[in-house]
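Residue-level structure breakdown
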There are 2 protein chains.
Amino acid sequence: MQKFYVVGIGPGSFEQLTPQAMAALLAADVIAGYGAYIKLVQPLFPKKEYLQTGMTGEVKRCQLALEQAKAGRTVAMISSGDAGVYGMAGLVMQLAAEICPEVEVVAVPGITAASSGAALLGAPLMHDFAVVSLSDRLTPWEKIARRLQAAAAADFCLVLYNPRSHGRPDLLRQACEIISEAKQGEAAQVGQTPVGIVKNIGREGEQTIVTTLADLDYELVDMFSTVFIGNSQTFIQQTIGGPRIVTPRGYLPADRGEQA
Amino acid sequence: MQKFYVVGIGPGSFEQLTPQAMAALLAADVIAGYGAYIKLVQPLFPKKEYLQTGMTGEVKRCQLALEQAKAGRTVAMISSGDAGVYGMAGLVMQLAAEICPEVEVVAVPGITAASSGAALLGAPLMHDFAVVSLSDRLTPWEKIARRLQAAAAADFCLVLYNPRSHGRPDLLRQACEIISEAKQGEAAQVGQTPVGIVKNIGREGEQTIVTTLADLDYELVDMFSTVFIGNSQTFIQQTIGGPRIVTPRGYLPADRGEQA
């Protein structure tokens, strides 16, 4: 059966590209994707044919790639991180049903920013967590706000994707206000909730910032950042490798409020 | 600086072990972990020294491994999936602060079941999602129930880890009742919400089941399963590769309730 691969390439460095993703790229006649992602894989496969499109041309990009598949070519469409998390996997499957139902769409998972960013910060996601995109391009802000409120009130750890856009520089501040207010019932000192920012994961300019809800400097957060906000048990640990954010799972008596 | 690696090995097959994880295992003098995970990597590194412990001996297992690090050896402790998601990263960091603060603990991310399972099911996590463990060994059921209720009411997609245990076979049924009730406000036909079950991801016996909240057979779900529950927009698609679960992100006019 002919295949169309939707491939998550991880945060950007070859170090986090899985063998399965590598095999899909090798098998492809054409590698399609946003230009910035193509630049990340092109050095590995300099002789492949590439199909490059702009950032917001998602529908057109998928249609063009699927038409290549319809014509009998094996295509790998790449997303950074995991193609199944705010990537292209869903749209490709939706459009494939019309354009080339005879082609099997295969999703190849990648390391998403929740995982790669968490590892750089320490262990902020050891307990239940919610992943929310702050982008209101495709989702009404009211729905995003409701999700932030619900997740924070139920003491989830939070991971915020797309925390800033050109058009709406104030999204993260609004999100943090909603989260802080929702957390009032849960934690005595909401302002002390650990916050981690990870920028340019796996790429040039990789940077981590460990701070708190009260001290968070919104200006440090850009479009290439992922933001992590702890639950009521999350703490900041000073280590020889720098500050770390840790959310205990409850293995130690002290985590559960018991005497050690 | 001496390092202690906490390594996510992905769902189990070599195909999803990242080069970074491979490098950490190569660098290690000792590979520590639960026996079932050690069996997965031992064929790759037959001559390494292994430190194997039982499933519920998490604190002891970490202490023993950290004592090896204290004695100057490079240790890699493995978790299946991502060590930073219900894995050992947090506990290692907590205990390292006391046992060997001079050693840098490095988390190496892996493909967690949310990503690997979603890829097998199609694209169920294209929009905001919440990850919840149903295990009440370390977390009071009331807290788990509250999180399920909040996430479902706010129309998150849901991923349920540890959906079944020997002692509490009924956890998933209870969880689905809470979720169904919370969703009543959001969707007209809650029972039609797509549900995906993925078993033994990346291992022998890998299996996916696509069903709905109304038709879910709890007996099909075991300890090695991960369960995915859609949001109000999620649908089941019949494809040449089998049934798929897709959550639209909103790129297509039809996703947004507009005329195409």
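These figures come from a predicted structure and were not determined experimentally.

Criteria and cut-off values
Residues numbered from 1 in each chain as written. Chains lettered and ligands numbered in written order. Predicted model: local features only at pLDDT ≥ 70, side-chain atom pairs only at ≥ 80, totals over all residues. Heavy atoms only, no water. Contact = heavy atoms within 4.5 Å. Buried area = accessible area lost by both parts, 1.4 Å probe. Salt bridge = Lys/Arg side-chain N within 4 Å of Asp/Glu carboxyl O. Polar contact = N/O pair within 3.5 Å; in protein donor to acceptor, adjacent residues only side chain to side chain. Helix = DSSP H or I, 4+ residues; strand = E, 2+ residues; numbered from the N terminus. Nonpolar A, V, L, I, M, F, W, Y, C, P; charged D, E, K, R; others polar. Pairing = 2+ DSSP bridges. Least-squares fit on C-alpha atoms with pLDDT ≥ 70 in both. Buried < 20%, exposed > 50% of the residue type's maximum accessible area, 1.4 Å probe, protein only. Phe/Tyr/Trp six-rings, centres within 6.5 Å; stacked < 30°, edge-to-face > 60°. Lys NZ or Arg CZ within 6 Å of the ring centre and 35° of its normal. Axes fitted to C-alpha atoms, helices over the stretch in contact; angles between N-to-C directions.

Across the contact, 78 residues belong to chain A and 78 residues belong to chain B. A combined buried area of about 6,400 Å² lies between chain A and chain B, and 58% of that area is made up of carbon and sulfur atoms. At the boundary of chain A and chain B, one finds 8 salt bridges. Seen at the junction of chain A and chain B, the total is 34 residue pairs in polar contact (both at pLDDT 80 or more). For the side of chain A that touches chain B, the element with the most residues is helix α4 (residues 89-99) of chain A, which contributes 7 residues. Tallied by class, the residues present in the side of chain A that touches chain B amount to 40 nonpolar, 22 polar and 16 charged. Two elements, strand β7 (residues 129-133) of chain A and strand β7 (residues 129-133) of chain B, share 3 bridges in a ladder whose sense is antiparallel. The partner of alanine 130 of chain A across the bridge, within β7 of chain B, is alanine 130 of chain B.

Expressed as a screw operation, the relation of chain A to chain B combines 0.0 Å of axial shift with a rotation of 180°, fitting to an RMSD of 0.0 Å. Taken together, the turn and the small shift mark the pair as related by a two-fold rotation axis. Distance from the rotation axis, computed per C-alpha, reaches its smallest value in chain A at alanine 130 of chain A: 2.0 Å. A shared binding surface is used by both copies, with 100% of the interface residues of chain A retained as interface residues in chain B.

Counted according to the given criterion, the structure contains 20 salt bridges over all chains. Glutamate 104 of chain A is the salt-bridge partner of arginine 244 of chain B, the closest N and O atoms lying 3.3 Å from each other. Remark: glutamate 104 of chain A occurs in strand β5 (residues 104-108) and arginine 244 of chain B occurs in strand β13 (residues 242-246); the pair is interchain, linking two chains. Exposure remark for arginine 244 of chain B: the relative accessible area of 9% places this residue in the buried category. In the salt-bridge network here, residues are joined through shared partners; they are Asp128 and Asp155 of chain A together with Lys143 and Arg147 of chain B.

Before going further, it helps to examine the packing of aromatic side chains. Taken as a whole, this structure holds 4 aromatic pairs over all chains when the rule is applied. Taking the centre distance of 5.2 Å and the plane angle of 55° together, the rings of tyrosine 86 of chain A and tyrosine 161 of chain A count as tilted. Separated by 75 residues along the polypeptide, tyrosine 86 of chain A in the loop between β4 (75-79) and α4 and tyrosine 161 of chain A in strand β8 (residues 157-161) bring together distant segments of the chain. In this pair, the class of tyrosine 86 of chain A matches that of tyrosine 161 of chain A, namely buried. Directly above the ring of phenylalanine 156 of chain B sits arginine 147 of chain A, whose terminal nitrogen or CZ lies 5.7 Å from the centroid. The ring of tryptophan 141 of chain A has arginine 168 of chain A lying over it, and the distance from NZ or CZ to the ring centre is 5.7 Å.

Residue placement: glutamine 237 of chain B occurs in strand β12 (residues 235-239). Reaching out from glutamine 237 of chain B, the side chain makes a polar contact with the backbone oxygen of methionine 93 of chain A at a distance of 2.8 Å. Apart from residues no more than four positions distant in its own chain, glutamine 237 of chain B is found in contact with Met93, Gln94 and Ala97 of chain A together with Gly242, Pro243, Arg244 and Val246 of chain B.

Of note, the phi angle at asparagine 200 of chain A is positive, near 50°, even though the residue is not glycine. Within the secondary structure, asparagine 200 of chain A is located in the loop between β9 (194-199) and β10 (207-212). The exposure class assigned to asparagine 200 of chain A is partly exposed, which follows from its relative accessible area of 22%. Unlike most non-glycine residues, asparagine 162 of chain B shows phi in positive territory, near 50°. By the element assignment, asparagine 162 of chain B lies in the loop between β8 (157-161) and α7 (171-183).

A word on the sheet that holds strand β5 (residues 104-108) of chain B. Residues and elements named next belong to chain B. Ordered by their spatial adjacency, 5 strands build an open sheet running β3-β2-β4-β1-β5, and the pairing between neighbours is parallel. Both edges of this open sheet fall to β3 (49-53) and β5, since each of them pairs with a single strand only. Direction aside, the axes of adjacent strands within the sheet are offset by 20° on average. Examined bridge by bridge, strand β1 (residues 3-8) and β5 share 5 bridges and lie parallel to one another. Bridge pairing in β5 places tyrosine 5 opposite valine 106. In this fold helix α1 (residues 19-27) packs onto β1, β2 (30-34), β4 (75-79) and β5, with an angle of close to 135° to the strand it touches most, β1. Across the sheet, helix α4 (residues 89-99) lies against β1, β4 and β5, angled at about 175° from β5, the strand it touches most.

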